[in-house]
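Given next are the chains, with one letter for each unit.
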Protein chains: 2
Amino acid sequence: MSVKTFSIACPAPLKPVDIVQMAHGGGGRLMHQLIEQYVMPAFQNDALSVRHDGAVFEVAQARLAFSTDSYVVSPIFFPGGDIGSLAVNGTVNDLAMCGARPLYLSAAFIIEEGLPFESLERVIASMRTCAEAAGVKIVTGDTKVVDRGKCDKMFVNTAGIGVIEHSWVIAPSQIQVGDAILLSGDVGRHGVAVMASREGLEFETTIESDCAPLAAPVLAMLDAGVQVRCLRDLTRGGLATSLVEIAESSGLGIQIVELEIPIEESVRGACEILGLDPLYLANEGRFVAFVAEQDGERALEILRRHEACAQAQRIGTVTEKPQSLVLLESVLGTQRVLDMERGEPLPRIC
Amino acid sequence: MSVKTFSIACPAPLKPVDIVQMAHGGGGRLMHQLIEQYVMPAFQNDALSVRHDGAVFEVAQARLAFSTDSYVVSPIFFPGGDIGSLAVNGTVNDLAMCGARPLYLSAAFIIEEGLPFESLERVIASMRTCAEAAGVKIVTGDTKVVDRGKCDKMFVNTAGIGVIEHSWVIAPSQIQVGDAILLSGDVGRHGVAVMASREGLEFETTIESDCAPLAAPVLAMLDAGVQVRCLRDLTRGGLATSLVEIAESSGLGIQIVELEIPIEESVRGACEILGLDPLYLANEGRFVAFVAEQDGERALEILRRHEACAQAQRIGTVTEKPQSLVLLESVLGTQRVLDMERGEPLPRIC
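Just so we're clear, the structure is a prediction, and the values are computed from it rather than from any experiment.

Peer 1: Explanation requested: the interface of chain A and chain B in the structure shown.
Peer 2: Where interface size is quoted, it is often the accessible area lost as the parts come together. Taken together, the contact between chain A and chain B spans 94 residues of the former and 95 residues of the latter. Residue D147 of chain A is joined to R348 of chain B by a salt bridge in which the shortest nitrogen-to-oxygen separation is 3.0 Å.

This is how it looks when you write it as structure tokens:
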């Protein structure tokens, strides 16, 4: 038995096209390419191919939704939330977007050596508060620690299980010409709040993340019999990217009116200074609902009864043409096509 | 609207006792303290308090198991496996240890900017192969990218759902005096394989990880009506730590015989050179089964029909005393008490 060390010849440097870049995690076109090229072909199955925020399947007669997200937001604490509230609300919301009642979450922590216990405690307390507010239980978990400099304070993964208590299918494939497109509130706050916090920017008023659980308003619509065709929470890539995804998946057109999109004055101001487009900024407590035209007004009334959706608005309509495209009628009355990757996506926003 | 930067006064340095250390992720006593002190009190609920590898609960009459693990192994490729095979088999095995048939997995990737796509592709291909071998589908997922130096190549989280198709309760609380303790194969290979690969050590023969899915042998025992009381896969902390956990949870004694524990000659040699104890090394395809005394022989026969359990052995018996302790009868005939943290646990082994 002998032991020796060996060395490996240094390979030629790789070209940018051969390596993963930050934008591959930004929620835009490059991330979609990565998923379509590497993940989808390898794991292909019916549940995955729906390309939804979560998977839906039956187990022993129960119709379940299952979703996961890892959270790598920097900094881990920011106005209006932290990595813990994101991790709970984010997965709760992904389940809600499947039309499911969220029930159980897992919580897995990757912690950088040297993290103060005080930070861990704050994050866990925040997760507890959010889990209670959303009515879910954190039932299983995992803890890993990596060496200093091999992680950034902490990363959190949550996966969640929800039960689907109705027979609707909620997916981009279900939307129909004429459907009303509802937006649950103002957009852009989460993105600006995290970026301002990260870069040490101070505005006249502190902009707080919109991070909130969305299951209650969604279930209220379903319970009231609103014909909900498709739901999508507006995380990485923001409102614009989500709508483009749905237009492309459904093959139908989406027409929205810029004036109807609520944006806080402070967010609009910050975006002007920073050169950002609020339609592409991440939100963590906002969603779009595609509902049958005749249910649009009733759905808005139901949504507005919930604090997180008090500013809900109808922002547009599903159209036959232009196929697979999103048309925005601007404040000036002109029309432009929205694409996924306009504006560099902000990295590590969730 | 104005924008300015601000700085924060540097706080006093924190003491080691106030920060997370590598050993908090090692699977030993410190990790248990972290979980008991911070996680359990915050998230308390029935499913979590079982302290099992996964949670068990009912949803609409279906009895389900749910588990998660994040994988941070370094290096991501090693003899006998990679971070992808670990991530699939690890969660499949946690579900199997709940006595569940694994059905669905999620896969969440945190990727360091600059990772070659070739590496991502290899990991995903390996996950696909392992998922097919274990009969599970990867149905939902997530991809995040973090800046260079904020992660180490890639971390993978998997969560899994399994269905429990029998009425047994499988948990440390179920073990009884006289139960036979079965070990599914030789121990220590995964730990030595990863460490040798990380440190560039070469032995006469390449030691390969034992990474393998364990659901088939477990379900075969259950299908044959073997009274399975408790199951535990031997990951971080190895055989010794798993047995100590079960002794402490159950309040009963565990007596095992060193001579009955299979250890490969090459692993034994490597451990002697490196000063490691194979009973504390991580495995990724090994488990212990506590079964009713009268079913011991039959269970061994069933296990040995599966390739991953060909070397299964009975290694001991549950005793009334000494309460909550594990006694090892050594090769020399002496007895010693095993504790969780003998030997520094190897970091980032899974």
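Peer 1: I tried to follow the sheet that holds strand β6 (residues 101–112) of chain A on my own but got confused; where do I start?
Peer 2: Consider a sheet: its strands pair through backbone hydrogen bonds, and that pairing is either parallel or antiparallel. Residue and element names in this part refer to chain A. Pairing in this open sheet of five strands is mixed, and the strands run β2-β3-β8-β6-β7 from one edge to the other. Bordering the open sheet on either side are β2 (55–59) and β7 (137–146), each of which pairs with just one other strand. Sheet twist, expressed as the mean angle between neighbouring strand axes with direction ignored, is 20°. Two strands pair when backbone bridges link them, and β2 and strand β3 (residues 62–71) are joined in this way by five bridges, in the antiparallel orientation. Of the residues in β3, the one forming a bridge with V59 is A62. Its contacts with the sheet place helix α3 (residues 83–97) against β3, β6, β7 and β8 (154–163), and it is angled at close to 150° to β3.

Peer 1: Explain the environment of S209 of chain A here, please?
Peer 2: Residues and elements named next belong to chain A. Among the structural elements, S209 can be located in the loop between β10 (201–202) and α6 (215–223). Of note is the side chain of S209, whose polar atom sits 2.8 Å from the side chain of H190. Within the local environment of S209, its side chain forms a polar contact with the backbone nitrogen of C211, the two atoms lying 3.0 Å apart.

Peer 1: So what exactly am I meant to see when it comes to the sheet that holds strand β14 (residues 313–319) of chain B here?
Peer 2: Residues and elements named next belong to chain B. Spatial strand order, β11-β13-β9-β14-β12-β15-β16: seven strands in an open sheet with mixed pairing. Two strands lie at the open edges of the sheet, namely β11 (228–233) and β16 (335–338), each paired on one side alone. Strand-to-strand twist of the sheet, defined as the mean angle between neighbouring strand axes without regard to direction, takes the value 25°. Relative to strand β13 (residues 287–291), strand β9 (residues 180–183) runs antiparallel, the two sharing four bridges. Pairing of L182 across the sheet is with A289, part of β13. Each of β11 and β13 touches helix α6 (residues 215–223); the most contacted strand, β11, lies at about 180° to it. Strands in contact with helix α9 (residues 296–304) are β9, β13 and β14; relative to β9, the strand with the most contacts, it is inclined by about 15°.

Peer 1: Would you mind going over the side chain of H24 of chain A with me for this structure?
Peer 2: Within the secondary structure layout, H24 of chain A lies in the loop between β1 (4–5) and α1 (29–43). Those residues in contact with H24 of chain A that sit more than four places away from it in its chain are I19, L30, M31 and L34 of chain A together with F117 and V145 of chain B.

Peer 1: Can you help me understand helix α8 (residues 265–274) of chain B in this one?
Peer 2: All names here are of chain B. Of the residues making up α8, those classed as buried are S266, V267, G269, A270 and C271. Buried positions along α8 lie against α5 (189–199). Just downstream of α8 lies G275, where phi reads positive at about 70°.

Peer 1: What's the story with the domain arrangement of chain A in this structure? I'm lost.
Peer 2: Residues and elements named next belong to chain A. Looking at chain A, the domain boundaries give domain 1 (1–51), domain 2 (57–163) and domain 3 (172–338). The C-alpha-based centres of domain 2 and domain 3 are spaced at 24 Å. Contacts between the two partners involve 21 residues from domain 2 and, on the opposite side, 23 residues from domain 3. Summing both sides of the interface, domain 2 and domain 3 together bury roughly 1,700 Å²; the carbon and sulfur share of this comes to 64%. The largest share of the area that domain 2 buries against domain 3 comes from P79, N93 and M97, three residues that together contribute 33% of it.

Peer 1: Before we go on, may I ask you to explain the relation of the copies chain A and chain B in this structure?
Peer 2: Both copies of the chain are placed relative to one another by a rotation about an axis and a shift along it. Superposition record for chain A on chain B: RMSD 0.0 Å, screw rotation 180°, translation along axis 0.0 Å. Overall, the copies show the geometry of a two-fold rotation axis. When C-alpha positions in chain A are compared against the rotation axis, the closest is assigned to C151 of chain A, at 2.1 Å. When the interface residues of chain A are mapped onto chain B, 100% of them are again interface residues, pointing to one common binding face.

Peer 1: Looking at this structure, how should I read the pattern of salt bridges?
Peer 2: Two side chains with opposite charge may pair up if their charged atoms get near one another. Counted under the stated rule, the structure contains 34 salt bridges over all chains. Across the salt bridge formed by R229 of chain A and D179 of chain A, the nearest N and O atoms sit 2.4 Å from each other. Within this pair, whereas R229 of chain A is found in strand β11 (residues 228–233), its partner D179 of chain A is found in the loop between β8 and β9 (180–183), the two being separated by 50 residues in sequence. Classification of D179 of chain A by relative accessible area gives buried; the value is 2%. Here the salt bridges share partners, and the residues they tie into one network are D69 and R236 of chain A together with D142 and K144 of chain B.

Peer 1: What exactly am I supposed to notice about the pairing of β9 of chain A here?
Peer 2: Walk down a regular strand and you will see the side chains alternate between the two sheet faces. Residue and element names in this part refer to chain A. A two-sided burial pattern is seen for β9, the buried positions comprising A180 and L182 on one face and I181 and L183 on the other. Bridge count for β9 against strand β14 (residues 313–319) is four bridges, and the pairing is antiparallel. If you follow L182 over to β14, its bridge partner there is R314.

Peer 1: Help me understand the environment of I175 of chain B, please; the structure alone is not making it clear to me.
Peer 2: Residue and element names in this part refer to chain B. Following the sequence through the fold, I175 ends up in the loop between β8 (154–163) and β9. For I175, a relative accessible area of 6% gives the class buried. It is 7.1 Å that separates the C-alpha atoms of I175 and S250, two residues lying 75 residues apart in sequence. Not counting residues up to four positions away in its chain, the partners in contact with I175 are R229, C230, I246, S250, L252, F290 and V318.

Peer 1: How do you make sense of the side chain of S70 of chain B when you look at a structure like this?
Peer 2: For S70 of chain B, the location among the structural elements is in strand β3 (residues 62–71). In terms of polar contacts, S70 of chain B uses its side chain to reach the side chain of N157 of chain B, at 3.0 Å. What S70 of chain B contacts, discounting residues up to four positions off in sequence, is A108, I110, D142 and K144 of chain A together with V156 and N157 of chain B.

Peer 1: So what exactly am I meant to see when it comes to a nonpolar patch on the surface here?
Peer 2: All names here are of chain A. Residues L259, V331 and L332 make up a contiguous nonpolar surface patch of roughly 370 Å² in combined accessible area. Relative to the assigned elements, L259 resides in the loop between β12 (253–257) and α8 (265–274). Residue L259 is classed as exposed on the basis of its relative accessible area, which comes to 63%.

Peer 1: Explain the packing of α6 of chain A against helix α9 (residues 296–304) of chain A here, please?
Peer 2: Two numbers describe a pair of packed helices, the interaxial angle and the distance between the axes. Residue and element names in this part refer to chain A. Between α6 and α9, the least distance of the axes is 9 Å, while the angle of their chain directions is 140°. Where α6 crosses over α9, the handedness of that crossing is right-handed. Residues P217, A220 and M221 of α6 form the contact with α9, whose own contacting residues are A299, I302 and L303. Within the contact of α6 with α9, the residues separate by chemical class into six nonpolar, no polar and no charged.

Peer 1: Even after reading the chapter, I still don't get the environment of V192 of chain B, so can you show me in this structure?
Peer 2: Residue and element names in this part refer to chain B. The topology assignment puts V192 in helix α5. Using a relative accessible area of 2% as the deciding quantity, one classes V192 as buried. Taking C-alpha positions, V192 is 12 Å from C211, a pair spaced 19 residues apart along the chain. The contacts of V192, once residues within four sequence positions are left out, are F203, I207, V267, A270, C271 and L281.

Rules used in this analysis
- Residues numbered from 1 in each chain as written.
- Chains lettered and ligands numbered in written order.
- Predicted model: local features only at pLDDT ≥ 70, side-chain atom pairs only at ≥ 80, totals over all residues.
- Heavy atoms only, no water.
- Contact = heavy atoms within 4.5 Å.
- Salt bridge = Lys/Arg side-chain N within 4 Å of Asp/Glu carboxyl O.
- Pairing = 2+ DSSP bridges.
- Helix = DSSP H or I, 4+ residues; strand = E, 2+ residues; numbered from the N terminus.
- Axes fitted to C-alpha atoms, helices over the stretch in contact; angles between N-to-C directions.
- Polar contact = N/O pair within 3.5 Å; in protein donor to acceptor, adjacent residues only side chain to side chain.
- Buried < 20%, exposed > 50% of the residue type's maximum accessible area, 1.4 Å probe, protein only.
- Domains from an automatic or database assignment.
- Buried area = accessible area lost by both parts, 1.4 Å probe.
- Least-squares fit on C-alpha atoms with pLDDT ≥ 70 in both.
- Patch = residues over 30% accessible without salt bridge, like charges linked within 9 Å, V, L, I, M, F, W, Y side chains within 5 Å.
- Areas by Shrake-Rupley, 256 points an atom, 1.4 Å probe, with all protein chains shown as cover.
- Left-handed = near helix turned anticlockwise from the far one by under 90°.
- Nonpolar A, V, L, I, M, F, W, Y, C, P; charged D, E, K, R; others polar.

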